[in-house]
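Report on the structure
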Amino acid sequence: MNTSVGGWWLFSRFAKDFTPKLITSLRQGYSWDFLQKDAFAGLSVAIVAFPLAMALAVASGTTPDRGIATAIIGGFIIAALGGSRTQIGGPAAAFAVVIFNVIQNHGYDGLLLATFMGGIFLVIAGFARLGSIIKYVPYSVIIGFTAGLALVIFTSQLRDFFGLPIENLPTEFAARWQVYWHNSWNLDWQTMTVAMVSLLGIIIIRKKYPRIPVLLFVVCSSSLCVWFFQLDITTIGSKFGDIPASLPYPQIPTWSFEKIISVLPAALTIAFLAGIESLLCAVIADSMTGDHHRSNAELIGQGVANMVVPFFGGIPVTATFARTATNIKAGAQTPIAGIMHAIFVLIFMTFFAKLAGYIPLATLAAILVMVSWDMSDLNKFIRLLKSADSERIVLLATFGLTVLTDLTIAIQAGIIISSFFFVQRMSRLTRITTPDDEDNQAPQPSDLPESVKIYHVRGPIFFGAASRIKSVLDRQGKGSTQEIYILNLKHMPLIDATGVHILTHFIEKCHRQGTTVIISGLNPQPAHTLLRMESRDIVPINRQTKTLDQAIRLSHTLLNAVEDSQPTIEVEIA
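Just so it is clear, the model here is predicted, and its values are computed rather than measured.

**Focus: the pairing of strand β6 (residues 516-520)**
- Most of β6 is tucked away, with four of its five residues classed as buried.
- Pairing geometry for strand β5 (residues 484-491) and β6, over five bridges, is parallel. The partner of Ile 486 across the bridge, within β6, is Ile 518.
- Note on the crossover from β5 through helix α22 (residues 497-512) to β6: the handedness is right-handed.
- In terms of strand pairing, β6 meets strand β7 (residues 544-545) through two bridges, oriented parallel.

**Some remarks on helix α3 (residues 32-59)**
- For α3, built from 28 residues, the straight-helix expectation of 40 Å at 1.5 Å per residue is met to within 8% by its first-to-last C-alpha distance of 40 Å.
- Along its length, α3 shows its largest kink, about 30°, at Ala 49, and proline Pro 51 lies within four residues downstream of that point.
- Of the residues trailing α3, Gly 61 is marked for its positive phi of about 90°.

**A few points about the packing of helix α6 (residues 139-156) against helix α18 (residues 378-385)**
- The geometry of α6 relative to α18 is characterised by a closest axis approach of 10 Å and an angle of 130° between their N-to-C directions. The angle between the axes of α6 and α18 places the two elements in the oblique class. Helix-helix and strand crossings are classified by hand; for α6 and α18 the assignment is left-handed. Of α18, the residues touching α6 (which contributes Tyr 139, Ser 140, Ile 143 and Ala 147) are Lys 380, Phe 381 and Leu 384.
- Per-class residue counts for the contact of α6 with α18 are five nonpolar, one polar and one charged.

**Observations regarding the environment of Lys 386**
- Tracing the sequence through the fold places Lys 386 in the loop between α18 and α19 (389-404).
- Once the C-alpha coordinates of Lys 386 and Met 117 are considered, the two residues, 269 residues apart in sequence, prove to be 40 Å apart.

**Thoughts on a nonpolar patch on the surface**
- Taken together, the side chains of Leu 224, Trp 227, Phe 228, Phe 229, Ile 343, Ile 347, Phe 351, Phe 352, Leu 355 and Tyr 358 define a hydrophobic patch exposed on the protein surface, amounting to about 1,100 Å² of accessible area.
- Judged by relative accessible area, Phe 352 falls into the partly exposed class, the value being 40%.

**A closer look at the nonpolar core**
- Core analysis: the largest hydrophobic core is formed by 104 residues, its most contacted members being Met 54, Ile 68, Phe 145, Val 345, Leu 364 and Ile 367.
- Element by element, the count of residues in this core is highest for helix α5 (residues 96-127), at 14 residues.
- Once you skip the residues sitting within four places of it in the chain, Ile 367 turns out to touch Leu 52, Ile 202, Leu 215 and Val 219.

**Observations regarding the pattern of salt bridges**
- A full pass over the atoms with the stated rule returns seven salt bridges.
- The salt bridge involving Asp 33 is made with Lys 37; its shortest N-O contact spans 3.4 Å. With a gap of four residues between them, Asp 33 and Lys 37 both fall in helix α3, about one helical turn apart.
- Here Lys 37 falls in the partly exposed class, since its relative accessible area comes to 34%.
- Ionic pairing is found between Asp 389 and Arg 392, a salt bridge with its closest N-O pair at 2.0 Å. Note that Asp 389 and Arg 392 are positioned in helix α19 at a spacing of three residues, about one turn of the helix.
- Through salt bridges with shared partners, a single ionic network connects Lys 21, Arg 85 and Asp 291.

About the criteria used
Residues numbered from 1 in each chain as written. Predicted model: local features only at pLDDT ≥ 70, side-chain atom pairs only at ≥ 80, totals over all residues. Heavy atoms only, no water. Buried < 20%, exposed > 50% of the residue type's maximum accessible area, 1.4 Å probe, protein only. Helix = DSSP H or I, 4+ residues; strand = E, 2+ residues; numbered from the N terminus. Pairing = 2+ DSSP bridges. Right-handed = clockwise from strand over helix to strand, strands pointing away. Expected span 1.5 Å × (residues − 1). Bend = angle between axes of the 7 residues up to and from the residue. Axes fitted to C-alpha atoms, helices over the stretch in contact; angles between N-to-C directions. Parallel < 35°, antiparallel > 145°, perpendicular 65-115°, else oblique. Left-handed = near helix turned anticlockwise from the far one by under 90°. Contact = heavy atoms within 4.5 Å. Nonpolar A, V, L, I, M, F, W, Y, C, P; charged D, E, K, R; others polar. Patch = residues over 30% accessible without salt bridge, like charges linked within 9 Å, V, L, I, M, F, W, Y side chains within 5 Å. Areas by Shrake-Rupley, 256 points an atom, 1.4 Å probe, with all protein chains shown as cover. Salt bridge = Lys/Arg side-chain N within 4 Å of Asp/Glu carboxyl O. Core = buried A, V, L, I, M, F, W, Y, C linked by side-chain atoms within 4.5 Å.

Shown next, in the form of structure tokens:
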């Protein structure tokens, strides 16, 4: 009976971790009032999402209709299967650089495959309970690559913002600025005027009239101006043709094994970015609503969305903070708001696709310039520059590599550099206080015999502190057969394989010269590690004590006992 109850409890706990918030919300009761609030919130977000989806798709090197399809399909699935009440999914600015590079290197089919594979990785991560991964990505890495992405996105929009006559824009950051410099005298004043007015409109309306749907207002106003004054500037229609008024039929792309191998790094990057962005967004959304998201369910929802979107020709999708914040401020109550947002975007696509052809690319560039400014988190970047040297190095390294090389390299390098600094800081916390220390002598009880020496190990013994710990221990162990060493490990919380090797080597050295070693206060993790590595028996159980006082009493017993009937004190290990 107890087994059945325990099994059911584990199953319920397991199922709850992966239950979408939509199901939970409906189980708790859904009222007409909730529906009204969710519908209004969904409409408010759709007004923001429709032009933004087109702008992000263009910035990613693809067509506006693919961004709209992504917002509809991806937004619906994320709301239906995700682990947050208020998350809104769609194209994200963070993906623009990745998408552009994947299309350049592997073609659009390669992007679809990488997106599908990224979705698989996200689903696996969710079921593997890796939703807490956000806790292990350093803050300086996140701010560094976000600010780097913001600069790259800003740089990519200068051609459309100033109307520069550049056919093929290089992907490298430095090369882009070189091309801009050579074409700086070919500014299109009509395009630049529309872009500047659009940008100023966004800034002023957001500050003075926050209730106005600023993106929709600016897009409609600029489109009317272009039509009324017959301005000769590039629009969505002139560059991409008419936008379809409906979603494309799902198609199965043709993928090969060679293609799978070639896009694997891009797929991992997409999965990492989607996971990090969605979980960060969920944490911020929780702070605004007081709710608690389910991180593993969120990863699964993001993964399924990215697995389905490619069959409709879409681009990578994730939850985004700007649209999620809009959703919360508009009064969203449940994930139904996210579903309504997707439905409203589909309605806009059906009835306003023709009119979208009049939207100037200069206005979309102005929107993305504003997005890149919001992404940059300049205040946080400046605050981190004033922090410790290690944080500054990680921040600037991640930022620089994001801008100058590749996002994947930047994130990996940032995490690795952070890990090195972490190991360095942890190693400084580890020390061994010995009787021979001049500055910080180990406390020796007054009644302790001269032949007994106590060594206090404080902090973890791991690979980062290996060389320092080894040098200290190597200086010891030069005793006689009458000496007894007590290793007080009460303050050693952790030991790894390197630490086991060092400790074992020291004890074996003592045994060879006839010095008795007593271990005191062995904690659970070190005890378990020593046992698994078959090193626990290096010190007999009757030479292991729970407390330092017991170890001292044992040393007295060993020194005074008759050799043939030497008594020992056996103490149970905690």
